[in-house]
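Spelled out, the chains give:
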Amino acid sequence: MSFEKLKVIAPILKALTNQGYTQPTPVQEQSIPVILQQRDLFGCAQTGTGKTAAFAIPVLQLLYQQKQTVKHTASIKALVLTPTRELAIQIQESFEAYGKNTGLNQVVIFGGVSQWSQVNALKKGVDILVATPGRLLDLIEQKIVNISNINLLVLDEADRMLDMGFVHDVKKIIARTPKQKQTLFFSATMAPAIRKLANSLLIDPVMVEVTPVATTAETIEQRVCFVDKKDKPALLLHMMTKTAIPMALVFTRTKHGADRVAKELNRSGVRAEAIHGNKSQQARQKALHQFRSKQIKVLVATDIAARGIDIDELSHVINYELPNVPETYVHRIGRTGRAGASGIALSFCDREEKLYLRDIQKLISRAIPVEEEHPFRDAAFQNASRQPSRKNYVGGTQANRFSRANKRRPSYNKAVQ
Ligand code: AMP
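Attention shifts here to the overall build of the chain. Looking only at helices and strands, the chain has 18 helices and 13 strands in total. The proportion of buried residues among the 417 residues of the chain is 53%. Intrachain contacts of the chain at a sequence separation of at least 6 include 76% that bridge at least 24 residues. Total accessible area on the chain stands at roughly 19100 Å², and carbon and sulfur atoms take up 51% of it.

In structure tokens:
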């Protein structure tokens, strides 16, 4: 899937390319078309899933298209409510980055600082206002902000807004908005109080839920093999010939990598096929059929190609390369251990992938046990990477996980296809 396929318009596409975004995340893939159809949306997604862009991109697009047809006024057209100052700033920066070629402007307001610079910014005219509830209500009551003409309302992290006691402020703010508007409601949980609030605000909403990736299936046994990069082909061959693994779905980060791994296995007498975006639909179907009917022992896949494929009785998933997005790990290993069946996920980790492993372990809140029993152990690296105890991870915050990973790896996603 690409942003073009989601019908994102050229000025925004250009900005996304600048950001290094090459493909939408699952929540973006599901939300963008719904929002562009001007439907209300209930998005159940956590920070780190790309949910900000999931609403910011289509909101910018709708406003941009509206600007072409309707006379542009200085009034606020979209309001984003979010619980904290940090989130508010991040959201405003996202709008600024994705919307830099649209001519739309955005202002952020939050409490705890003098209101005057915010008031000055507001006076210049605002298309998109990002705000925390307390300060917004304050400025509405002072008649500095008027939200009676908005077309779009976004409630970001609604669950946290409730937890932080903003529910009354939020309700008061919503009462100042027009009845006729599009509402986008995002929450990490679907607790009863959240459902109730959503029901009171949304009209015939489309529900978008991205799997709560932080919970890896209990039935999947996970292990990591520390190995030198150059030994990965030999380790895979060892696993497929010298152990009792009957069949395996092997993941690589790139199409080229998938082809290479399949070729090497075939050369050594292990029947394998690769599936990825450069293969025709027919070739992919054929490979899948051969795998399901056990004519081939290994299916090598990139993440996108593997999406949606369901293979009964898949006993093993092997991460030949660790994914650079930790959530992807959870999606990959979830291909095995389905419907209560047991499954094993083995991850080959070389020195360059150490940070990826760290991010994955943080996400799943546990250390993955080390597989000691293989002949290609990179012992020096393994000792240097001694697994921290489980409790080190439990306290890790979900917030910023994705963004931290991103900052360290600006080429995020570029290799994923
Ligand atoms: P969020 O869940 O909105 O907090 O987003 C987490 C991080 O993911 C942010 O740093 C974004 O810049 C980044 N991000 C969002 N969408 C994409 C994408 N399609 N490709 C790459 N990075 C993304």
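Having seen the model, we can carry on.
Strand order in the open sheet formed by seven strands is S3-S4-S2-S5-S6-S1-S7, and the pairing between neighbours is parallel. Edge positions in the sheet fall to strand S3 (106-109) and strand S7 (206-209), since each has one partner strand and no second. Each neighbouring strand pair of the sheet contributes to a mean axis angle of 15 degrees, computed without reference to strand direction. Inspection of the sheet shows strand S1 (residues 41-44) paired to strand S6 (residues 182-187) by four bridges, in the parallel sense. Opposite Leu-41, over in S6, you have Leu-184 as the bridge partner. Against the sheet, helix H5 (residues 116-123) engages S3 and strand S4 (128-131), with an angle of about 155 degrees to S3.

Here we take up the pairing of strand S9 (residues 248-251). Alternating residues of S9 divide into Ala-248 and Val-250 and Leu-249 and Phe-251, and every residue in both groups is buried. Sheet analysis places S9 next to strand S11 (residues 298-301), joined by four bridges and oriented parallel. Opposite Ala-248, over in S11, you have Val-298 as the bridge partner. Pairing between S9 and strand S12 (residues 316-319): four bridges, direction parallel. Residue pairing across strands places Phe-251 opposite Asn-319, the latter belonging to S12.

Further remarks concern the nonpolar core. Counting residues in each nonpolar core, the largest one holds 40 residues, and the members touching the most others are Val-8, Phe-55, Ile-57, Phe-95 and Leu-184. Taken together, the elements giving at least two residues each to this core come down to helix H1 (10-19), helix H2 (26-36), helix H3 (51-69), strand S2 (78-81), helix H4 (85-98), S4, strand S5 (152-155) and S6. Apart from the residues lying within four places of it in its own chain, the contact partners of Phe-55 are Ile-35, Val-80, Ile-91, Phe-95, Val-154, Asp-156, Leu-184 and Phe-186. By size, the runner-up hydrophobic cluster in this structure holds 32 residues, among which are Phe-42, Leu-122, Phe-166 and Ala-198.

What follows is about the environment of Leu-87. Along the chain, Leu-87 turns up in helix H4. Along the primary structure Leu-87 and Thr-132 are separated by 45 residues, whereas in three dimensions their C-alpha atoms are 8.9 Å apart. If near-sequence neighbours (up to four positions away) are discounted, Leu-87 is found in contact with Thr-82, Asp-156, Glu-157 and Arg-160.

All chains considered together, the criterion is met by zero disulfides. Here Cys-225 stays free of any disulfide, with the sulfur of Cys-349 as its closest cysteine sulfur at 9.7 Å.

Next up on the list: H1. Among all positions in H1, only Pro-11, Ile-12, Leu-13, Ala-15 and Leu-16 are buried. Looking at the residues trailing H1, positive phi occurs at Gly-20, about 85 degrees.

Next up on the list: the confidence of the model for the chain. In this model, the chain carries an average pLDDT of 85, and 88% of its residues clear a pLDDT of 70 or more. Note that residues 388-417 has pLDDT below 50 and, in this model, 61 contacts with residues that lie over four places away or in other chains.

The subject of this paragraph is the sheet that holds S11. An order of S8-S13-S12-S9-S11-S10 is seen for the six strands of this open sheet, with the pairing classed as parallel. The open sheet has two edge strands with one neighbour each: strand S8 (220-226) and strand S10 (272-275). Across the sheet, the axes of successive neighbouring strands diverge by a mean angle of 20 degrees, strand direction being ignored. Packing of helix H11 (residues 255-267) onto the sheet brings it into contact with S9, S10 and S11, and relative to S10 it is tilted by some 170 degrees.

Attention now goes to the pattern of salt bridges. One pass over the full model with this rule turns up 15 salt bridges. Across the salt bridge formed by Asp-231 and Lys-230, the nearest N and O atoms sit 3.7 Å from each other. Lys-230 gets classed as exposed once you look at its relative accessible area, which sits at 65%. A salt bridge links Glu-353 to Lys-232; the nearest nitrogen and oxygen atoms lie 2.7 Å apart. A residue pair is termed long-range when its members are at least 10 positions apart, and Glu-353 in the loop between strand S13 (343-349) and helix H15 (354-364) and Lys-232 in helix H10 (residues 232-242) qualify at 121 residues. Look at Glu-353 and you get buried, because its relative accessible area is 2%.

How each quantity is defined
Residues numbered from 1 in each chain as written. Predicted model: local features only at pLDDT ≥ 70, side-chain atom pairs only at ≥ 80, totals over all residues. Heavy atoms only, no water. Helix = DSSP H or I, 4+ residues; strand = E, 2+ residues; numbered from the N terminus. Buried < 20%, exposed > 50% of the residue type's maximum accessible area, 1.4 Å probe, protein only. Contact = heavy atoms within 4.5 Å. Areas by Shrake-Rupley, 256 points an atom, 1.4 Å probe, with all protein chains shown as cover. Pairing = 2+ DSSP bridges. Axes fitted to C-alpha atoms, helices over the stretch in contact; angles between N-to-C directions. Core = buried A, V, L, I, M, F, W, Y, C linked by side-chain atoms within 4.5 Å. Disulfide = S-S within 2.5 Å. pLDDT = per-residue confidence, 0-100. Salt bridge = Lys/Arg side-chain N within 4 Å of Asp/Glu carboxyl O.

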